[in-house]
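Observations on the model geometry
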Protein chains: 2
Amino acid sequence: MYKKYVYDFTQGDADMKDLLGGKGAGLAEMTKIGMPVPRGITITTQACMDYYSNGEVISDEIRDQIFEYLKNLEKVTGKTFGGNKNPLLVSARSGAKISMPGMMDTILNLGLNPVTVEVLAKETGNRRFAYDSYRRFIMMLSDVAIGIDRNLFEDEMDKIKAEKGYSNDIDMKEDDLIRLCKIYKDIYKEHTGNDFPDDPKEQLMIAVKAVFKSWNNHRAISYRKLNNIPHDIGTAVNIQEMVYGNMGDDSGTGVAFTRNPATGEKKVFGEYLINAQGEDVVAGIRTPSPLEQLKTDMPEIYDQFIKYANMLENHFKDMQDIEFTIEKGKLFFLQTRSGKRTATAALRAAVDMVKEGLIDKKTAIMRIQADSLTQLMYPAFSKTALDNATPITKGLPASPGAASGRVYFSAEEAKEHAEAGEEVILVRKDTSPEDIDGMNKAKGIVTSHGGMTSHAAVVARGMGKCCVAGCEQMNVNEAEKYFEAGAVKIYEGDYISVNGTTGLVYKGILEKEEANMSGAFKTIMEWSDEYRRLKVRTNADTPTDARVALNFGAEGIGLCRTEHMFFKPERILEMRKMICSDSIKSRKEALSNILPMQIKDFEAMFKVMNGKNVTIRLLDPPLHEFLPKEQSDIKIIAKELGISEDSLRARIDELHEFNPMLGHRGCRLSVTYPEIAQMQARAIITAAINAKRYGAKVMPEIMIPLAGSKKELDYVMEVIKQEIKKVFEQENESIEYMLGTMIEVPRAALISKELAKSAEFFSYGTNDLTQMTYGFSRDDAGKFINDYIDKNILECDPFSSVDQEGVGRLVKLSKEEGKLSRPDLHCGVCGEHGGDPRSIYFFDSIGLDYVSCSPYRVPVARLAAAQASIKNA
Amino acid sequence: MYKKYVYDFTQGDADMKDLLGGKGAGLAEMTKIGMPVPRGITITTQACMDYYSNGEVISDEIRDQIFEYLKNLEKVTGKTFGGNKNPLLVSARSGAKISMPGMMDTILNLGLNPVTVEVLAKETGNRRFAYDSYRRFIMMLSDVAIGIDRNLFEDEMDKIKAEKGYSNDIDMKEDDLIRLCKIYKDIYKEHTGNDFPDDPKEQLMIAVKAVFKSWNNHRAISYRKLNNIPHDIGTAVNIQEMVYGNMGDDSGTGVAFTRNPATGEKKVFGEYLINAQGEDVVAGIRTPSPLEQLKTDMPEIYDQFIKYANMLENHFKDMQDIEFTIEKGKLFFLQTRSGKRTATAALRAAVDMVKEGLIDKKTAIMRIQADSLTQLMYPAFSKTALDNATPITKGLPASPGAASGRVYFSAEEAKEHAEAGEEVILVRKDTSPEDIDGMNKAKGIVTSHGGMTSHAAVVARGMGKCCVAGCEQMNVNEAEKYFEAGAVKIYEGDYISVNGTTGLVYKGILEKEEANMSGAFKTIMEWSDEYRRLKVRTNADTPTDARVALNFGAEGIGLCRTEHMFFKPERILEMRKMICSDSIKSRKEALSNILPMQIKDFEAMFKVMNGKNVTIRLLDPPLHEFLPKEQSDIKIIAKELGISEDSLRARIDELHEFNPMLGHRGCRLSVTYPEIAQMQARAIITAAINAKRYGAKVMPEIMIPLAGSKKELDYVMEVIKQEIKKVFEQENESIEYMLGTMIEVPRAALISKELAKSAEFFSYGTNDLTQMTYGFSRDDAGKFINDYIDKNILECDPFSSVDQEGVGRLVKLSKEEGKLSRPDLHCGVCGEHGGDPRSIYFFDSIGLDYVSCSPYRVPVARLAAAQASIKNA
């Protein structure tokens, strides 16, 4: 059976990303709509995967197709690969389905050899250029395909520069470059034992293989793990006719976004370098000029560029990230893709595009990465703090936000200190893909080189990490671990503050304030609310948290944990007395001292949540958590409790558990000590009555944790109902309330039909359900879960995104069978998965009623719920 | 709607046990087949349950029916309840569907009052008898219905006896008894404030209510819990015309079995007392005569008795336990029921009855309680030990078996010390239902009073507990905690040995030996094998265990745990070295030292199991279990390992887990340390090759524990397969083997369709599956599970009998979905439930292939599997 492994740019289109990769599909689409694109072909992602399954060998079939299409390329360009005249020179660039900027390899100027370099020299009339290209090609192939240290080549160039007294690369003369080519080839021979390949076809196959191989290099694998990109989709290879931005001052190269990627403003935004190759811009070695400069430098080209840029955005109906090259006054487009943007920019662009009539609301909603909203909720520096601080340096506002932390000068150290718990700022001359782990762990990033599209800037924006790039006045000494900015010298470990929104850097720690939600953010939230089916509640234990969540649009409290309330200093003593009681009487006495405090807690919650449901969970953790662990504390606390150290220790020993996760906790406490449930039920209902009398609308839902059998649930429900009946009688008042249960042990899910006969609502505690379904203790799994992710056994941490196959199946089954007994059973999720977009999509698909998440995730959940509704419709 | 609450004995039959209780149905059936049964009526179990649901009030409807039927009873007996002449006197006896001997209450002589007692005196010509009956009645009603301490009454009698110098109750004269009745009534009035009721109807209603109430007395509830009898089936009340065995030497009362309940021998076996009431026999106060004595005392009655006894057995086709009374030379039957018997007797009777043509093989199989077989596997004293020991006393061989332990003289102390881990022998004058918990905990029971049908004897046989009853020469002083037997004085805490098979008691501990399986046991096992579908394997870690299990009929090893092998002293050092290694190299080195030992282990197993499947599980426990916990050990072991104490302690800290049950164990170890799985796979396959070369047939099955995802399973399987491939190459030999997994985390069950694509067999680890499905840590649940059983939330410990609703549902689903991917998937159970009859029934019903249990449970499992096949057919 014939497998098509190679496509001409004229054969594909934007829908073929799976096969052609993002870059290949973009080049094909641009070709299709008539943009000036250098001609080329794409070797498919399938070829890459077949290369791997074929033991990392390129099959004859693939090879034959490549050369067949290459022949065609020669025909349409009128050039010959390795030809004596009009030689075809090409680049080989990676391009996966999902963009992985800078993670994989590229080789330029393929086809150069002692013959063609001379032809190129003659035809361009620029021998210096020809040999500069040749020496770059030798270095690139040696570095990328063979793995020879790039520094060996750089050093040789530096030697010549020193010898000749040149200060810049540009000073290198034709002869110097010819000599350098010779030296480079010697380095190649020394390392490989072979001559540098002159046969262009051999060069090409080496390059294709190198690109395929780069799919599995260390940093590409890391990037995929970090971004949840599958490992089995491979990269395509694009072989494209070379165009040169470094052929003089009528040449240049640049990158641009059709809108501002930091703010979303509708205005083409880019940077370019005159007389340079693309790599010079991306690598951040020279600081480029803003695109506006092109208007002055080459006004015609600028107009052409703007026309094509608008054409691209209108065609793709999304903000585009474009690479272009100007070769001797002729504009070429080398790449277009949907542009990475900050959350702020994404929101503004989406809302603007709806207003412009470019896209509809649904598309706008779908286009924003729900998770990215959390960026906007990072605190900013307070106005007062900014007014009173003097910046030590200024760079480009590469990725917005505010961060303070200790300075480290290498990604390794940044990572290490961050993992030890420090807040860390990574300061570098510039960053490279190797730094990705350290960047991920840092709170903020500062570089002295590179522009808005430098590696540091692009990656930081993708991570939602605050970044100031290109602080050119700053002098970074990575080896000696300090930087100087004017008169200020900052050493490793010193604190600085970074404002990614303004580009300013400060010494010390600046005070922060909360972000507010307005403008496009507000609009997108409103649109989301129009489309979403799932309700969004919050997990909040205090009125303060509840207020924050309300502000973010929470529609109720899905989980109010009561155990934190018991840890307050004035209460823990009574709690401990209760635990150390040897009679029901003294236990009840201690509980009755806690009662008025609990009433106050709940009353405040009800008042804040006025009119919205408040789900309160009864005491959940094992009692030993309330007792001291250290010998020194035991001494003090025994005295406080008025009991002997020995008897306190005996009680601690008695309560010790081998597996507290599976121990005496949740409603099991209420079975053994019904008086705890009684006290809490009394507190909740008394508080609700008080709040009602105060004028608030109250909708209490009492939630019983960890139920595993109907009889157990019934027992605890009966205890609660009896107590509430008493409260109603004593207060001569009654209110509506609901009694429900958490579904968090697998058995509860399996017997949901039974449980729903008693429970009026289910709340899935997917944290514990995951622990028990997988048999993973969350406190311990850290010790081996990385092995699982490294060995590709787990795609992601099941505590971050719900395991649909196992845990999700239980949730689905539970909801379906629960509704058999009680068709109006209300079902929600209160585990941390309630704030995870992928999980929210799943919960929507199985028809749950709501998710509940931490206050700061509420906007994420609202958006994700809307996206889920749209996708699941 | 009319509910029939009362049945005349002529209206029911043996099939109506649910409604009439066992006793009522038996009386009705005996009446039906023409046996001499005193006339009576039965108030249904439904009436009892309605009494409870009606707030413990007997409804008018029930009351009316009782008196309606009572009127009929008066008509057919020609007697009048409370009549001036020919008064009707009745007993009120409890009788639940399932026999609960002695657990509930009985009241005799209802209908006596100042008038009827005189009529009775006149009509019987025995005024002493009439007042003796009256005083017994007053005491019984006061004790049973009102709860007045029986000792108050006994003390008054003792006072009169002392005053008059009587030594026995029988010496009490007519006038003494009349005086006693007066005193008894005063006691009643003192306690209740009311006169003792004279109205027979009032007496009757008090008695009925007392019987209903006794359904929920403490000992009845305990008994039901112990015997897994539901709490919601209630007791019937049988109102029956009194007949008197205490009307002189032509009267008597007794109990008998149609076969010997200890041995099963086909020969009527019983005991009786001349001139006594039934309670005297059962209570064990007087030691009765063997039934044979009746042949001499009343030959005609004896012949009649034997005729009727045979008639009963032929009618019910089962060994009967009969109560009878002789009133002035006339024989009456008061009860018949299927007789409780030892396992030995059950086997012999069942096999004999098949040979006699009374029942078929299936019935024989169904009739034996599978669990009871374990009794036969209790060790007996060795012949040598018996030959060299002199008994200190002799009693009746009430329940067979052999036990040694420390003597305690109260049920409470026996229980307490047994729970503290001691082997305990309970020694009492006689036992009563209050002693049931202590009896259950003791290894053996010795009483100085009572016969083969005394409380101690009946209960001990039911429990399969060794018991010697009625050691009349023994003098037990319960208050001062010692007993004397001849010259020997044994104090609390001293060791004795009890031989329940011979009735002999020894000082000290006697050596025991294994029981052998022959005769009826063997026959029943053979018959079971004919009928059962489930295969029975064993859990065995050593060749010794494997041999024992083979002897009991095991068909393979379902679980060979390898961790115990690592704990042997010569290996643990290498194991610890492995764990403390800081490089793969040194880890492999330590493992390679363990390898030859593991090969030897497995080789021995394969040779013993020649031709049978051997399932070997890879290392399962978390590694910290192999490291020392105590400071003193750390010091020693650090030295042995040649590392510093600090670094050993650091490794221990590093491996510490909060919830080891959900931690780094099972196949998770093989993911982190594939070299462990490699070593074990190599050992298993090398051993199999060695055993094959030696001439054994080998069928190794390698079992991967705790898998939770297909990728995880595949990873470990690949490691194993690669290693085995190497072994085959090195040994130039290959053998068949299977690779499978345990299903023990709930997720594994949920994704069984996926797992079965890789695994060739599933073994359900129902212990862990129960822990995770319920969220119950087995190590910790002890702290609260009793609350659950006490509060009737759990019917039984889910670790003893599989939870069908939750865990069972997962097993069923897993097996069904696993077979979708692999129709010949082999599915078994290796958790402890594999030896539990109720669980085996379930596993058969869902179509598993085998169960695996501990060697001593193999016969139980074989029988239970046959019963399951018959029931599930």
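Residues numbered from 1 in each chain as written. Chains lettered and ligands numbered in written order. Predicted model: local features only at pLDDT ≥ 70, side-chain atom pairs only at ≥ 80, totals over all residues. Heavy atoms only, no water.

1. Looking at the overall build of chain A
Which entries qualify depends on this criterion: Numbering of helices and strands starts at the N terminus; helices are DSSP runs of H or I of at least 4 residues and strands are runs of E of at least 2. Values of the radius of gyration come from C-alpha atoms, whereas the globule rule sets the reference at 2.2 Å times the count of residues to the power 0.38. Any residue under 20% of the maximum accessible area for its type is buried, any over 50% is exposed, and the rest in between are partly exposed; the area is computed with a 1.4 Å probe on protein chains only. The contact definition used throughout considers only heavy atoms, calling two residues in contact when any of these lie within 4.5 Å. Counting rule for charge: Lys and Arg are taken as positive, Asp and Glu as negative, and neither His nor the chain ends is counted. Think of each charge as sitting on NZ of Lys, CZ of Arg, CG of Asp or CD of Glu.
From N to C terminus, chain A includes 36 helices and 33 strands. In terms of overall size, chain A behaves like a compact globule, its C-alpha atoms giving a radius of gyration of 32 Å where 873 residues would be expected to give roughly 29 Å. Principal axes of the C-alpha set define a box for chain A whose edges measure 105 × 65 × 55 Å. Burial status across chain A gives 59% buried among its 873 residues. In chain A, 70% of the contacts between residues at least 6 apart in sequence involve partners at least 24 apart. Distance from the positive charge centre (113 side chains) to the negative charge centre (127 side chains) of chain A: 4 Å.

2. A look at the relation of the copies chain A and chain B
So the rule is basically this: The fit set for superposing copies consists of C-alpha atoms from residues with pLDDT of at least 70 in both; the fit itself is least squares.
The operation relating chain A to chain B is a screw motion whose rotation component is 180°, with 0.2 Å of axial translation and a residual RMSD of 0.2 Å. Here the transformation between the copies is reduced to the relation of a two-fold axis. Measuring from the rotation axis to each C-alpha of chain A, the shortest distance belongs to A:N659, at 2.2 Å. In this assembly, 100% of the residues forming the interface of chain A have copies in chain B that are likewise at the interface, indicating an isologous arrangement.

3. So, the side chain of A:R259
All names here are of chain A. Selection rule: Residues adjacent in sequence count toward polar contacts only when both atoms are side-chain atoms; beyond that, a polar contact is any pair of N or O atoms within 3.5 Å, and within protein one must be able to donate a hydrogen and the other to accept it.
Inspection of the secondary structure assignment puts R259 in the loop between β8 (252-257) and β9 (269-274). Side chain to side chain, R259 and E313 meet in a polar contact 2.7 Å long. R259 has contacts with G264, E265, K266, K267, F269, E313, M319, A349, D352, M353, E356 and L358, leaving out every residue within four places of it along the chain.

4. Description of the pattern of salt bridges
Quick reminder of the rule: Should a side-chain nitrogen of Lys or Arg be within 4 Å of a carboxyl oxygen of Asp or Glu, the pair is scored as a salt bridge.
All told, the structure shown has 140 salt bridges over all chains when counted by the stated rule. A:D8 is paired through a salt bridge with A:R39; the nearest N and O atoms lie 3.0 Å apart. Linking A:D8 in strand β1 (residues 6-8) with A:R39 in the loop between α1 (17-32) and β2 (40-43), this pair joins segments that are 31 residues apart in sequence. The buried category is assigned to A:D8, whose relative accessible area is 3%. On the accessibility criterion, A:R39 (25% relative accessible area) is partly exposed. Between B:R428 and B:E478 there is a salt bridge, with the nearest N and O atoms lying 3.5 Å from each other. With B:R428 in strand β17 (residues 424-428) and B:E478 in the loop between β20 (474-477) and β21 (482-485), this pair connects stretches of sequence that are 50 residues apart. Linked through salt bridges whose partners overlap, the residues forming this network are A:D529, A:R532, A:K535, A:E555 and A:R862.

5. Quick word on the nonpolar core
Where we set the bar: As used here, the term nonpolar core means buried Ala, Val, Leu, Ile, Met, Phe, Trp, Tyr and Cys residues forming a set that is joined through side-chain atoms within 4.5 Å.
Counting residues in hydrophobic clusters, the biggest one holds 284 residues, and the most contacted among them are A:L373, A:F606, A:I720, B:L373, B:I524, B:F606 and B:I720. Residues in contact with B:F606, not counting those within four places in the same chain, are B:V614, B:I616, B:I684, B:A687, B:A688, B:A691, B:A696, B:K697, B:V698 and B:P700. Grouped together as the second largest cluster of nonpolar side chains are 89 residues, A:Y131, A:W215, A:A220 and A:M452 included.

6. What about helix α7 (residues 174-192) of chain A?
Residues and elements named next belong to chain A. What counts is decided by this rule: Expected helix span is given by 1.5 Å per residue-to-residue step, counting one fewer step than there are residues.
Taking 1.5 Å of rise per residue, 19 residues should cover 27 Å, and α7 covers 27 Å from first to last C-alpha, within 8% of that figure. Those residues of α7 not exposed but buried are D176, L177, L180, C181, I183, Y184, I187 and Y188. Of the surrounding elements, those touching the buried residues of α7 are α5 (127-146) and α6 (150-164). At the exit of α7 stands G193, carrying a positive phi of roughly 80°.

7. Considering the packing of helix α5 (residues 127-146) of chain B against helix α6 (residues 150-164) of chain B
Residues and elements named next belong to chain B. Under the convention used in this document: Angular values range over 0 to 180 degrees, each being the angle between N-to-C directions of two axes fitted as lines to C-alpha atoms, with helices fitted over their stretch in contact. Note that the term roughly parallel is reserved for angles under 35 degrees, roughly antiparallel for angles over 145, roughly perpendicular for angles of 65 to 115, and oblique for everything else. Under the grouping applied here, Gly and all other residues not named as nonpolar or charged are polar, the nonpolar ones being Ala, Val, Leu, Ile, Met, Phe, Trp, Tyr, Cys and Pro and the charged ones Asp, Glu, Lys and Arg.
Axis separation between α5 and α6 bottoms out at 9 Å; the angle between their running directions is 155°. By the angle between their directions, the pair α5 and α6 is classed as roughly antiparallel. For the pair α5 and α6, the contacting residues are R135, M139, S142 and D143 in the first and R150, F153 and M157 in the second. The residue makeup of the contact of α5 with α6, split by class, is three nonpolar, one polar and three charged.

8. Details of the sheet that holds strand β19 (residues 466-469) of chain A
All names here are of chain A. Where we set the bar: DSSP-based pairing: two strands are paired if at least 2 bridges between them are found.
One open sheet accounts for eight strands, arranged β14-β24-β23-β16-β17-β18-β19-β15; its pairing is mixed. Bordering the open sheet on either side are β14 (393-394) and β15 (396-399), each of which pairs with just one other strand. Strands in contact with helix α17 (residues 411-419) are β16 (402-408) and β17 (424-428); relative to β17, the strand with the most contacts, it is inclined by about 180°.

9. Re the pairing of strand β27 (residues 556-561) of chain A
Residues and elements named next belong to chain A. Summarising burial for β27: five of the six residues are buried, a large majority. As paired strands, β27 and strand β28 (residues 613-617) are joined by four bridges and run parallel to one another. Residue pairing for β28: R561 is matched across the bridge by R617.

10. Comments concerning the sheet that holds strand β22 (residues 488-491) of chain A
All names here are of chain A. Strand order in the open sheet made by the three strands is β20-β21-β22, with antiparallel pairing throughout. Two strands close off the open sheet at either side, each with one partner strand: β20 (474-477) and β22. Within the sheet, the average angular offset between the axes of one strand and its neighbour, ignoring direction, is 15°. One ladder, built from four bridges, connects strand β21 (residues 482-485) with β22; its direction is antiparallel.

11. Observations regarding a negative patch on the surface
This is how the line gets drawn: A patch consists of residues whose relative accessible area exceeds 30% and which take part in no salt bridge; residues with like charges are grouped when within 9 Å of each other, and nonpolar side chains (Val, Leu, Ile, Met, Phe, Trp, Tyr) when within 5 Å. Accessible areas in this description were obtained via Shrake-Rupley with a 1.4 Å probe; residue shielding takes into account the shown protein chains only.
Residues A:D60, A:E61, A:D64 and A:E68 make up a contiguous surface patch of negative charge. Here A:D64 is to be found in helix α3 (residues 60-77).

12. Focus: the interface of chain A and chain B
As a reminder, the rule being used: Buried area, as used here, totals the accessible surface that two parts lose on assembly, with accessibility defined by a 1.4 Å probe and the loss added over both.
Taken together, the contact pairs 50 residues of chain A with 50 residues of chain B. In this assembly, chain A packs against chain B so that about 4600 Å² is buried in total across both faces, 53% of it on carbon and sulfur atoms. Put simply, chain A and chain B have eight salt bridges between them. At the boundary of chain A with chain B, the tally comes to 34 residue pairs in polar contact (both at pLDDT 80 or more). Of all the secondary-structure elements, those providing two or more residues to the side of chain A that touches chain B are α26 (645-655), α27 (667-672), α29 (710-731), α30 (746-750), α32 (766-774), α33 (782-790) and α34 (804-821) of chain A. Residue contributions to the side of chain A that touches chain B peak at six residues, all from α34(A). Classifying every residue of the side of chain A that touches chain B gives 21 nonpolar, twelve polar and 17 charged.

13. Structural notes on the environment of B:P622
Residue and element names in this part refer to chain B. Within the element layout of this structure, P622 appears in the loop between β28 (613-617) and α25 (631-641). According to the relative accessible area criterion, P622 is buried, its value standing at 4%. A sequence separation of 218 residues divides P622 from I840, and the C-alpha atoms of the two residues are 30 Å apart. With residues up to four places along the chain from it excluded, the contact list for P622 reads E657, P660, H664 and R665.

14. Structural notes on the packing of aromatic side chains
Residues and elements named next belong to chain A. Rules: Centres within 6.5 Å make a pair out of two Phe, Tyr or Trp rings, where for Trp the six-membered ring is used; the pair is then stacked when the planes are under 30 degrees apart, edge-to-face when over 60, and tilted otherwise.
Summed over all chains, the structure comprises 43 aromatic pairs over all chains. The interplanar angle of 80° and the centroid separation of 5.0 Å between the aromatic rings of Y188 and F196 together place this pair among those described as edge-to-face. Classification of F196 by relative accessible area gives buried; the value is 5%. When the ring of F305 is compared with that of F333, the centres are 5.6 Å apart and the planes differ by 15°; the resulting orientation is stacked. Here F305, found in helix α12 (residues 299-316), pairs with F333, found in strand β12 (residues 330-338); they are 28 residues apart in sequence, far enough to count as distant. Residue classification places F305 among the buried positions, given a relative accessible area of 0%.

15. Regarding the pairing of strand β2 (residues 40-43) of chain B
Residues and elements named next belong to chain B. Side chains G40 and T42 project from β2 onto one buried face, and the interleaved I41 and I43 project onto a second face that is buried too. Here three bridges tie strand β1 (residues 6-8) to β2, and the two strands are oriented antiparallel to one another. Bridge pairing in β2 links Y7 to T42.

16. Things to note about the environment of B:T258
All names here are of chain B. Along the chain, the position of T258 falls in the loop between β8 (252-257) and β9 (269-274). For T258, a relative accessible area of 4% corresponds to the buried category. Here the alpha-carbon distance between T258 and G339, two residues 81 residues apart in the chain, equals 8.3 Å. Those residues in contact with T258 that sit more than four places away from it in its chain are K267, V268, A309, E313, D318, M319, Q320 and I322. Here the side chain of T258 touches E313 through a polar contact of 2.6 Å, side chain to side chain. Polar side-chain contacts of T258 include one of 2.9 Å to the backbone nitrogen of Q320.

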